[in-house]
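Report on the structure
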Amino acid sequence: MNDIIQLTRKDLASDQEVRWCPGCGDYAILKGVQSALATLNVPRENMVVISGIGCAARFPYYMNTYGFHTIHGRSPAVATGTKMANPDLHVWIVGGDGDMMSIGGNHLIHVLRRNVDLTVLLFNNRIYGLTKGQFSPTSGVGKKTKSSPMGSIDPAFEPISLALGAGATFAARTVDLWGKHLQATIKAAHEHKGTSFIEILQNCIIFNDGAFDPAVGKKVKSDKTVELVHGEPLIFGAERDKGVRIRKDLTLEVVTLGENGVTEDDLVVHNAHAELPGLAQLLATMEYPDMPVPVGIFRQVSRPTYEVGMDAQVTQAQAAHGGDKPSLTSLWNQGDTWDVAP
Amino acid sequence: MNDIIQLTRKDLASDQEVRWCPGCGDYAILKGVQSALATLNVPRENMVVISGIGCAARFPYYMNTYGFHTIHGRSPAVATGTKMANPDLHVWIVGGDGDMMSIGGNHLIHVLRRNVDLTVLLFNNRIYGLTKGQFSPTSGVGKKTKSSPMGSIDPAFEPISLALGAGATFAARTVDLWGKHLQATIKAAHEHKGTSFIEILQNCIIFNDGAFDPAVGKKVKSDKTVELVHGEPLIFGAERDKGVRIRKDLTLEVVTLGENGVTEDDLVVHNAHAELPGLAQLLATMEYPDMPVPVGIFRQVSRPTYEVGMDAQVTQAQAAHGGDKPSLTSLWNQGDTWDVAP
Amino acid sequence: MQTVESVVVRFAGDSGDGVQVTGTQFTNTAALVGNDIATLPDYPAEIRAPAGTLFGVSGFQIQFGATDIRTPGDISDALVAFNPAALKVNLSRLRKGGLILVNVDAFSSRNLTKAGWEHNPLEDDTLAAWQVVKVNMTRLTREALKESPLKTKDKDRAKNLFALGMVYFLYDRPLEHTVNWLNSKFAKLPNVAEANIKALKTGYYYAETAEIFRATYQVPEAPIAAGRYRNVTGNLTTAMGLVSAAQNAGLDLFLGSYPITPASDVLHNLASMRAHGVRTLQAEDEIAAVCAAIGASYAGQLGVCSTSGPGLALKGEAIGLALMVELPMVVVDVQRGGPSTGLPTKTEQSDFNIALFGRNGDSPLPVIAAKSPADCFDAAYEAARITIKYRTPVILMTDGYLANGSEPWKIPNEADLAPIESDFRTDPEGFQPYMRDEATLARPWVKPGTPGLEHRVGGLEKQHLTGNVSYDPMNHHRMCELRRDKVDLVRQEMPPLEVIGEQSGDVLVIGWGSTYGAIRSGVDAALADGVKVGAVHLRWINPLPPDLGEIIARFDKVLVPEMNLGQLIKVIRGEFLVDAKGLNKVQGMPLNVGEVKQAILDLQYGEA
Amino acid sequence: MQTVESVVVRFAGDSGDGVQVTGTQFTNTAALVGNDIATLPDYPAEIRAPAGTLFGVSGFQIQFGATDIRTPGDISDALVAFNPAALKVNLSRLRKGGLILVNVDAFSSRNLTKAGWEHNPLEDDTLAAWQVVKVNMTRLTREALKESPLKTKDKDRAKNLFALGMVYFLYDRPLEHTVNWLNSKFAKLPNVAEANIKALKTGYYYAETAEIFRATYQVPEAPIAAGRYRNVTGNLTTAMGLVSAAQNAGLDLFLGSYPITPASDVLHNLASMRAHGVRTLQAEDEIAAVCAAIGASYAGQLGVCSTSGPGLALKGEAIGLALMVELPMVVVDVQRGGPSTGLPTKTEQSDFNIALFGRNGDSPLPVIAAKSPADCFDAAYEAARITIKYRTPVILMTDGYLANGSEPWKIPNEADLAPIESDFRTDPEGFQPYMRDEATLARPWVKPGTPGLEHRVGGLEKQHLTGNVSYDPMNHHRMCELRRDKVDLVRQEMPPLEVIGEQSGDVLVIGWGSTYGAIRSGVDAALADGVKVGAVHLRWINPLPPDLGEIIARFDKVLVPEMNLGQLIKVIRGEFLVDAKGLNKVQGMPLNVGEVKQAILDLQYGEA
Ligand SMILES: Cc1ncc(C[n+]2csc(CCOP(=O)(O)OP(=O)(O)O)c2C)c(N)n1
Ligand SMILES: Cc1ncc(C[n+]2csc(CCOP(=O)(O)OP(=O)(O)O)c2C)c(N)n1
Ligand code: SF4
Ligand code: SF4
Ligand SMILES: [Mg+2]
Ligand SMILES: [Mg+2]
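Predicted model, so just to flag it, every value in this text is computed and none were measured.

1. A short note on the overall build of chain A
Across its full length, chain A holds 11 helices and 12 strands. Dimensions of chain A, computed from C-alpha atoms along their principal axes, come out at roughly 95 × 45 × 45 Å. Buried residues in chain A amount to 63% of all 342 residues. The long-range fraction of contacts in chain A, counting pairs at least 24 apart against all pairs at least 6 apart in sequence, stands at 65%. Surface exposure of chain A reaches about 12,100 Å², of which carbon and sulfur atoms provide 50%. Charge-centre separation for chain A: the mean point of 31 positive side chains lies 6 Å from the mean point of 36 negative side chains.

Here's what the structure looks like:
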């Protein structure tokens with residue numbers, strides 16, 4: 001592909017003042033998304049960013065593309081209609097953990113099931129930001145908020161696991177402040193044909209500050225996260241001396257390379273392209289803090305996309321009519337008709 | 001537990017004429033559920049059956065218990081309220097694949113996440129029965145129906161996989177006509193503390209007749225299904241000579257015992273009680289017809305239940321007041337108050 | 001043979017008796033011989049209700065005539081009852097002296113008990129007030145098909161055609177159309193075709209030979225305007241009207257829908273029109289359906305969604321979004337009995353309120369109603385035309401009766417349809433997302449993909465012209481007024497109201513929707529009784545037509561018949577400060593002509 | 001020192017300036033010294049909008065007085081502006097000649113530009129019409145806290161207390177309450193407590209010593225009824241009213257809710273009342289929230305759900321179910337600016353239509369409205385009492401202004417609350433699920449778990465008495481009427497309407513909801529101008545009170561002020577056939593007293 005479309009990050013910034021709280025992780029994501037999108041060789045007018053409601057969902061206003069700030073939880077449904085109506089558009093959905101996993105949970109799993117060719121960016125800050133700090137479906141048990149003053153009793157969703165359970169053909173995780181990783185993940189998602197789901201761990205400085213620091217913070221991330229690379233063994237640690245091994249009962253454990261005779265060959269090798277999502281699920285449900293938090297692409301498999309399937313039906317139906325719409329008269333005259341003479 | 005409550009199946013049949021189509025799989029399920037519930041040592045008045053809308057959802061009318069035929073897709077939400085308001089009740093939710101996986105998908109995954117102590121009976125006939133035969137989220141690609149005259153382009157949900165992805169603590173599959181298996185599964189679900197999810201393969205004789213016959217039909221079922229038994233290897237086949245083995249890359253394959261030196265020890269041993277759902281997911285996403293359809297209990301793990309967690313907060317809050325509600329006067333007088341003299 | 005002006009026949013039996021097929025065949029033949037017709041199928045709520053039960057009775061009523069037929073008839077002249085339950089359920093709607101044609105073979109004691117007959121009504125004087133014709137339909141059909149290789153069970157299923165044959169004889173109809181239909185329908189099952197045809201003919205000849213009817217009837221051709229006709233249900237014309245509008249506007253049509261009785265056929269029909277550029281999404285629920293339609297309109301197609309009451313209730317929030325982003329969309333509401341799940345298979349007009357008012361905030365939008373199955377075409381076309389022109393969602397109201405009822409539709413000429421311009425903005429020069437057309441107050445419709453017009457829309461209040469988010473108090477007030485004014489401007493599209501009957505006088509009847517036929521005939525009847533009555537039937541129920549007030553002023557009294565407890569009437573009263581009275585029927589059934597006439601007389605002369 | 005009857009003060013600054021805290025402290029002190037008060041917080045939509053921007057300005061207005069204070073005031077007497085943006089945004093709502101107290105230190109050129117001031121208004125004659133008091137609040141606060149171990153950033157945050165100290169001096173208020181509050185709030189951070197107290201006192205003494213104000217004011221105690229008082233917001237009283245009703249009825253309360261501005265505090269407040277047997281479910285969405293509430297009511301608790309417009313739009317279908325199964329439930333709608341997402345943080349009354357009409361089918365239900373923050377208690381209590389007694393869901397309408405605004409609430413005596421009987425059926429003898437109480441038409445409320453009363457309910461139409469599913473036409477009509485009649489019976493609960501002002505005469509003002517204070521004062525003002533004006537304020541907006549028609553008849557003209565484009569007015573016109581006129585303001589802001597007065601004069605004398 002020739003890089004005929006020359007865009008810079010700035011070209012993708014709209015004239016609207018950004019209104020997130022100072023220090024919010026959303027700023028870094030915005031920058032990353034703008035940078036990544038500028039390199040895609042897609043004309044700006046073919047980009048559409050669709051969101052629900054929430055802090056994250058303010059995103060479209062800041063993108064100098066087509067943008068639609070819809071209603072709470074419904075962006076996957078709106079985007080499905082947009083993409084089906086015009087498969088040439090490149091569609092991104094942006095929303096928070098409340099927007100996508102709480103009120104919008106059903107639309108999310110259904111867009112993943114259908115495999116509409118678009119990218120879902122879930123900004124997971126494990127809190128409701130815009131409504132000032134209630135727990136979300138990813139907050140987890142014990143979280144004290146205004147709506148859970150004695151601590152929440154709601155277990156958390158594991159977003160990647162839910163997405164895989166719904167049939168996601170592409171699922172990945174990245175982090176707001178990991179600029180390069182974020183951009184690479186977004187580009188990979190864009191290249192994927194079908195619904196690509198990216199969970200972005202995002203810091204809400206006001207209502208859930210530091211929620212992910214123990215795992216993804218600068219100092220600890222090498223020890224607390226493991227990068228999933230297709231075809232590579234699961235190795236991590238500042239010294240790259242730790243790995244993930246599978247036990248006979250199919251549970252996972254952390255081992256140290258070189259200790260007790262453990263070698264790279266003993267480790268789980270990531271296969272993002274496995275036809276069935278079993279391995280990806282095993283990885284998605286590894287439990288932090290015993291196990292590292294996996295980042296990168298969990299699954300990426302090729303399946304027919306929805307909007308293409310629908311277009312094919314239209315094309316096929318029109319084939320009988322020289323590839324065009326039949327006349328209305330022919331539509332009206334189907335079935336039994338009779339004439340009444342003047 | 002003493003069997004103090006003596007109920008028969010007939011005691012659980014209401015006086016309402018059953019209105020399903022002659023030959024519908026729902027009849028067998030009704031019979032099975034009534035039989036199973038009669039043995040639970042639960043007084044009839046403590047049983048509540050809650051449903052959405054659909055053929056399946058007519059279920060409560062035929063049960064001589066408390067029953068609530070709510071609106072389409074919302075039974076998990078209604079049931080959550082009922083169970084939280086009175087944890088002594090035994091609550092069953094009944095609904096079809098459209099009711100629970102299409103419009104009700106979000107409530108389903110959220111009740112599973114919360115782990116409210118109730119049982120979900122999903123009657124999966126892979127079709128919308130009540131609205132006369134449109135494809136459902138479990139119909140799969142290619143299905144021709146009135147709403148998909150050129151064949152559906154919608155990939156199907158795998159209900160057990162979705163349930164596990166949502167965090168289900170109990171997930172099982174059974175079949176409408178397998179009376180004993182059905183009853184045993186229902187009893188196991190009832191004993192489980194938390195949300196138990198049962199997918200019941202159900203034949204819709206009018207709009208999707210025989211959908212499951214190739215796998216669960218009388219003549220083929222031993223060869224096409226595999227029973228999951230905790231602690232047992234996955235063996236199946238009329239001759240019980242086939243098994244499921246895991247490859248190094250964590251994919252599954254069917255092997256024949258005795259051939260190529262394969263023995264029982266090579267087979268996957270089912271562990272329904274594994275803390276993490278990885279194995280259950282592997283099994284749930286095995287692809288028929290290459291692999292047999294697993295039936296029985298995929299997962300059964302113990303987690304705190306939602307309504308108990310909420311009750312504990314009430315109890316704890318009341319502990320300071322001798323275990324009782326504080327007076328209203330004390331509620332009203334919190335914060336700054338001042339007196340105005342007459 | 002007697003010649004009569006019009007006849008009402010009702011077929012009734014179990015779901016398995018082929019009642020709907022029989023009725024449809026009778027209908028099509030009546031149409032082909034030149035009668036005017038109107039039909040009303042009447043399904044049970046169950047898919048295949050247990051045979052012989054009262055709640056399982058399936059009915060199909062047709063009125064056909066030599067005059068303008070506007071309703072399926074208040075009461076039938078002849079009842080074909082395939083079993084005791086069918087007889088029981090329908091007797092009260094059969095004219096005294098009317099004909100009952102029964103299948104005696106189905107009057108077993110088991111069936112009698114199921115239907116709640118203590119004695120066999122064929123054997124006592126229960127039916128003395130009617131002419132009863134008892135025929136062993138099952139036995140005679142078996143007899144006729146002796147030679148057929150079909151199984152007995154399958155032979156028995158042909159008894160509906162035996163009955164149809166008898167009824168064809170009774171009303172002097174040709175068999176030809178049904179014979180052709182059977183041949184083509186069972187082209188691949190010649191045994192079945194043959195058996196059915198045999199049964200049909202045997203029934204016909206049996207009626208002739210056995211002289212089972214006291215009299216036979218002829219219903220001459222109706223004076224119908226020249227043209228080509230087709231028998232249509234409202235759900236079919238709705239689909240065709242929408243597709244026709246889209247195609248004339250140069251647009252593809254996108255339908256987001258979730259199945260629901262009685263609206264599902266709109267989805268089914270549109271799904272079969274792929275060749276016309278129709279994309280359908282059977283969405284996960286009604287909210288997704290409307291949201292996808294909004295997304296498609298946003299992308300530049302004509303977004304449509306179709307549903308019934310409970311589904312409309314779910315769509316309120318999203319319709320508000322469409323109204324705020326000012327995009328075209330047609331929302332089809334095929335009303336059924338409410339509230340809540342209500343009476344899913346029955347008809348009603350009780351979604352008026354939610355259509356006008358079922359959204360948070362000040363959120364008016366145009367609401368249009370169809371008045372007959374054929375008229376659904378025009379109403380749907382007009383709904384689409386207006387939504388495209390004004391860029392605000394339009395709600396199209398039909399109901400269960402229109403959806404499933406049928407009547408002849410005069411197939412239009414393409415040239416006669418109103419032109420529709422989709423008029424996408426492509427010029428960046430001077431573009432602002434919320435600039436407005438002066439005549440319509442419509443904002444520009446821009447397809448994403450258009451260079452230089454990138455912009456953002458959403459559900460937050462937006463600044464006049466720029467469309468930027470705005471919390472400015474005065475701007476909000478102004479935008480609320482602009483959205484209201486835009487809807488009010490649709491008045492300029494309305495031709496003068498047609499006043500049926502007297503142009504001024506005693507009573508004005510104001511109706512909307514599917515009650516048209518009953519009102520029109522009821523007004524005729526009252527006119528014949530000397531009441532100076534006129535009637536207007538509203539195509540647009542919001543905004544109200546500009547000349548309605550002036551017409552109301554010409555009459556002393558106003559009557560508003562509705563199949564609800566009084567919804568339009570409240571708006572009429574509030575708008576025109578007139579002490580209108582209601583005729584309200586909430587029985588899951590269309591209004592009767594007689595009821596309308598009586599209400600007019602009651603209003604004029606006081607109740608008896 | 002001058003003595004004045006009442007004063008309006010507005011604090012304004014960035015989200016980070018502590019404006020809401022400052023306002024609340026000033027409010028509580030005013031209440032404690034015996035003034036009557038009313039407040040209006042005015043948040044930006046952003047959580048922490050960028051400092052210095054116009055859209056990020058946070059405001060808090062209080063009116064306090066020696067008389068009956070009914071609104072936060074149309075226009076303020078004094079403005080405390082922490083930065084140039086706050087000055088810019090609020091200037092138009094400051095009385096000419098009023099006082100401006102500014103933090104000069106914030107008037108950097110950067111901040112001036114952000115706020116869109118071309119020149120520094122403190123340095124030209126822009127503010128000539130007002131008394132400007134310029135204080136270096138930041139510098140003086142730093143100075144005062146020289147010795148404090150806090151970081152400069154934290155010291156700077158105390159400048160709001162410095163300002164508060166000055167304002168306390170201006171209005172002769174004691175510091176004691178705020179000092180106590182700081183000590184208890186920062187009990188674990190003594191340095192912070194000390195610094196804040198120091199800033200507060202320094203501000204006070206600085207104002208005194210530097211003689212920065214031309215005059216100071218005294219606002220005497222208001223003649224308030226004896227009793228114990230507490231300053232409350234509407235979202236707090238709503239929660240307390242519901243809990244009080246439940247507890248008095250012997251019930252636990254269940255809240256299903258999904259967070260939404262401005263309703264979330266109802267959830268927060270109820271979640272903190274576990275000890276009163278309150279269970280809260282933060283549901284996955286509004287539909288789950290209302291459904292869970294229905295499930296809880298079904299199980300025998302008082303089911304409640306709370307939301308705002310977009311959420312109410314989602315609940316329509318489920319509310320219809322509750323109405324059909326005839327169970328108690330209170331639906332709280334804290335209205336905000338619409339349509340669609342609209343103006344989430346602003347107030348409006350535009351959900352009247354959807355509350356009355358936002359359900360499919362004929363589905364009336366009682367709708368009650370609160371008129372002031374304190375009154376939310378009574379309205380919520382009454383809503384719960386009626387839903388329990390009549391077994392039909394009740395919608396309780398408040399709005400953003402009531403929700404966040406505050407006023408003193410006279411704490412009731414437990415004995416004075418109306419008794420509520422939950423009255424569960426336990427006797428199987430003669431039980432039928434849809435039998436009805438004669439006086440209320442309520443059906444029995446049965447807790448699952450009660451032996452012998454097992455039965456089934458649902459959303460399909462049900463047979464009178466037995467509750468079995470019924471498709472019978474006449475039964476459906478009857479049940480629709482019964483459900484309507486039950487709602488109409490709520491009229492018997494309504495005390496005679498109180499007519500404020502003249503009892504008959506020229507103009508009757510009919511209001512509902514939070515416009516009460518403005519209407520009442522506006523009416524007083526018009527009375528003073530010689531108009532014979534009376535006013536009624538509707539507690540129930542559906543059904544309408546039985547004596548309203550008779551009162552309307554006593555006046556020549558009717559005015560209906562609403563914070564929407566005219567919703568109640570249409571019902572009033574339709575019901576009473578009176579040519580009522582509207583005063584309509586859709587600006588996300590409460591009505592002003594002056595606007596009401598002017599509208600009355602305009603209606604009486606014709607517009608100028
Ligand atoms: C129908 C509806 N319900 C509720 C809301 C209120 N609301 C707005 S955003 C939001 C959740 C925000 O959380 P999340 O999606 O995680 O986004 P974040 O603000 O954390 O980025 C809620 C509950 C709404 N706008 N609409
Ligand atoms: C809000 C709403 N939308 C749609 C419907 C129509 N409807 C009733 S049941 C049903 C689906 C039935 O399919 P399923 O849940 O699989 O149950 P089955 O009939 O197959 O047992 C639908 C679409 C409805 N009743 N309410
Ligand atoms: S509240 Fe949290 S998520 Fe929202 S803008 Fe502020 S920091 Fe970001
Ligand atoms: S339509 Fe299908 S699922 Fe429904 S009752 Fe008939 S056979 Fe059963
Ligand atoms: Mg969030
Ligand atoms: Mg189904």
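2. Remarks on the site of ligand 1
For ligand 1, the set of nearby residues contains 21 residues, the closest of which are A:Cys55, A:Asp97, A:Gly98, A:Asp99 and D:Glu286. Around ligand 1 the close residues trace back to chains A, C and D. Between ligand 1 and A:Gly98 there is a distance of 2.8 Å, counted from an oxygen atom to a backbone nitrogen or oxygen. Note that an oxygen atom of ligand 1 is positioned 3.0 Å from one of the backbone N or O atoms of A:Ile127. Burial of ligand 1 by the protein chains amounts to 99% of its free accessible area of 590 Å². Looking at which element gives the most residues to the shell around ligand 1, the answer is helix α3 (residues 97–103) of chain A, with 3 residues.

3. Quick word on the coordination of the magnesium ion (ligand 5)
All names here are of chain A. Distances from the magnesium ion (ligand 5) to its protein donors, Asp-97 (OD), Asn-125 (OD1) and Ile-127 (O), fall at 2.1 Å. Ordering the donors of the magnesium ion (ligand 5) by residue number gives the pattern D-x27-N-x1-I. Placement of the pair is Asp-97 in helix α3 and Ile-127 in the loop between β4 (119–124) and α5 (159–165), with a sequence separation of 30 residues. For the pair formed by Asp-97 and Ile-127, the shared burial category is buried.

4. Some words on the interface of chain C and chain A
Taken together, the contacts link 73 residues of chain C with 60 residues of chain A. Summed over both sides, the interface between chain C and chain A buries roughly 5,500 Å², with carbon and sulfur atoms accounting for 60% of that surface. By the criterion of area lost to chain A, the three top residues of chain C are C:Glu284, C:Glu454 and C:Arg456, representing 13% of everything that side buries. Joining chain C to chain A, the criterion identifies 5 salt bridges. Salt-bridge contacts for A:Arg114 lead to C:Glu284; the nearest nitrogen and oxygen are separated by 2.9 Å. Where chain C touches chain A, the interface holds 35 residue pairs in polar contact (both at pLDDT 80 or more). Of all the secondary-structure elements, those providing two or more residues to the side of chain C that touches chain A are α1 (19–32), β9 (227–233), α9 (234–248), β11 (278–282), α11 (286–299), α12 (309–325), β16 (406–410) and β17 (456–458) of chain C.

5. What about the site of ligand 3?
What surrounds ligand 3 is the set A:Trp20, A:Cys21, A:Cys24, A:Cys55, A:Asn125, A:Gln202, A:Cys204, A:Ile205, A:Ile206, A:Phe207 and D:Ile47. At the site occupied by ligand 3, the surrounding residues belong to chains A and D. The residue makeup of the shell around ligand 3, split by class, is 9 nonpolar, 2 polar and no charged.

6. Quick word on the environment of D:Ile75
Residues and elements named next belong to chain D. Among the secondary structure elements, Ile-75 is positioned in the loop between β4 (58–65) and β5 (76–81). Classification of Ile-75 as partly exposed rests on a relative accessible area of 40%. In this structure, the C-alpha to C-alpha distance between Ile-75 and Lys-96, residues 21 residues apart in sequence, is 9.7 Å. Sequence-distant contacts of Ile-75, that is, excluding residues within four places in its chain, are made with Val-8, Arg-93, Leu-94 and Arg-95.

7. Regarding a negative patch on the surface
The grouping of A:Glu232, A:Glu264, A:Asp265 and A:Asp266 at the surface amounts to a negative patch. Relative to the helices and strands, A:Glu264 is located in the loop between β10 (252–256) and α9 (278–284).

8. Let's talk about the sheet that holds strand β13 (residues 330–335) of chain D
With respect to topology, 7 strands assemble into an open sheet ordered β11-β10-β12-β13-β15-β14-β21 (chain D), the strand pairing being mixed. With one partner strand each, in any of the chains shown, β11 (278–282) and β21 (540–542) of chain D form the two edges of the open sheet. Strand after strand, the sheet turns through a mean of 25° between neighbouring axes, direction not considered. Strand contacts of helix α2 (residues 75–85) of chain B: β10 (253–257) and β11 of chain D, with the helix running at about 155° to β11(D), the strand carrying the most contacts.

9. What about the pairing of strand β11 (residues 293–300) of chain A?
Residues and elements named next belong to chain A. Burial analysis of β11 places 7 of its 8 residues in the buried class, which makes it a mostly covered element. Here strand β5 (residues 170–175) runs beside β11; their pairing, made up of 4 bridges, is antiparallel. Bridged to Ala-172 within β11 is Ile-297. Relative to β11, strand β7 (residues 225–228) runs parallel, the two sharing 4 bridges. Residue Glu-227 lies in a different strand from β11, and its bridge partner there is Val-295.

10. As for the sheet that holds β9(C)
An order of β12(A)-β9(C)-β16(C) is seen for the 3 strands of this open sheet, with the pairing classed as antiparallel. In this open sheet, the two strands that pair with only one neighbour each are β12 (337–340) of chain A together with β16 of chain C. Ignoring strand direction, the axes of neighbouring strands in this sheet form an average angle of 35°. In terms of strand pairing, β9(C) meets β16(C) through 5 bridges, oriented antiparallel. Bridge pairing links C:Thr233 to C:Ser406 in β16(C). α9(C) rests against β9 and β16 of chain C of the sheet, and its axis sits at about 115° to β9(C).

11. Overview of the packing of helix α4 (residues 137–144) of chain D against helix α6 (residues 159–170) of chain D
Residues and elements named next belong to chain D. Contact geometry for α4 and α6: axes closest at 9 Å, N-to-C directions at 100°. As far as their axial angle goes, α6 and α4 are roughly perpendicular. Between α4, through Met-137, Thr-138, Leu-140 and Thr-141, and α6, the contact on the second element is made entirely by Lys-159, Phe-162, Ala-163 and Met-166. Among the residues forming the contact of α4 with α6, the class breakdown is 5 nonpolar, 2 polar and 1 charged.

12. Looking at the nonpolar core
Within the largest apolar cluster, 348 residues are counted, with the highest numbers of intra-cluster contacts made by A:Phe68, B:Phe68, C:Leu253, C:Ile510, D:Leu253 and D:Ile510. Ignoring any residue separated from it by four or fewer positions in sequence, one finds C:Ile510 in contact with C:Val536, C:Leu538, C:Leu548, C:Ile552, C:Val558, C:Leu559, C:Val560, C:Pro561, C:Leu568 and C:Ile572. One finds D:Phe26, D:Ile62, D:Val80 and D:Ala163 within the second-largest nonpolar core, a separate group that totals 54 residues.

The rules behind each value
- In every chain, residue numbers begin from 1 and rise along the written sequence.
- By the order in which they are written, chains take letters starting at A while ligands take numbers starting at 1.
- Selection of residues for local features in this predicted model requires a pLDDT of at least 70, selection of side-chain atom pairs for listing and counting requires 80 or more, and totals for whole chains, interfaces and linings are taken over all residues.
- Only hydrogens and water are set aside; all other atoms, that is, all heavy atoms of the structure, feed into the side-chain values.
- The numbering of helices and of strands both runs from the N terminus, where a helix is a DSSP run of H or I of at least 4 residues and a strand a run of E of at least 2.
- The rule is simple: take the accessible area with a 1.4 Å probe, protein chains only, and divide by the maximum for that residue type; under 20% is buried, over 50% is exposed, in between is partly exposed.
- Every residue pair with non-hydrogen atoms within 4.5 Å of one another is taken to be in contact.
- Note on areas: Shrake-Rupley with a 1.4 Å probe; residue coverage comes only from the protein chains shown.
- Charge counting follows a simple rule: Lys and Arg are positive, Asp and Glu are negative, and His as well as the terminal groups are ignored.
- Taken as the charge centre is NZ of Lys, CZ of Arg, CG of Asp or CD of Glu, depending on the residue.
- Near is defined per residue: the residue qualifies when any heavy atom it owns lies within 4 Å of the molecule or strand.
- Nitrogen and oxygen atoms within 3.5 Å of one another constitute a polar contact, given that in protein one can donate a hydrogen and the other can accept it, and given that sequence-neighbouring residues count only through two side-chain atoms.
- With water excluded from the atoms, a metal site may look incomplete; its donors are any N, O or S atoms within 2.8 Å, or within 3.2 Å for Na, K and Ca.
- The quantity reported as buried area is the accessible area (1.4 Å probe) lost by two parts once they are put together, taken as the sum for both.
- A pair is scored as a salt bridge if a Lys or Arg side-chain nitrogen falls within 4 Å of a carboxyl oxygen belonging to Asp or Glu.
- Any residue that is not Ala, Val, Leu, Ile, Met, Phe, Trp, Tyr, Cys, Pro, Asp, Glu, Lys or Arg is counted as polar, Gly included; the first ten are nonpolar and the last four charged.
- Residues enter patches when their relative accessible area tops 30% and they take part in no salt bridge; the joining distance is 9 Å for like charges and 5 Å for the nonpolar side chains Val, Leu, Ile, Met, Phe, Trp and Tyr.
- Strand pairing is assigned whenever DSSP detects at least two bridges linking the two strands.
- Helix axes are fitted to C-alpha atoms over the stretch in contact, other axes to C-alpha atoms as well, and angles between N-to-C directions run from 0 to 180 degrees.
- For this classification, under 35 degrees means roughly parallel, over 145 means roughly antiparallel, 65 to 115 means roughly perpendicular, and everything else is oblique.
- Remark: nonpolar core denotes a set of buried residues (Ala, Val, Leu, Ile, Met, Phe, Trp, Tyr, Cys) joined through side-chain atoms within 4.5 Å.

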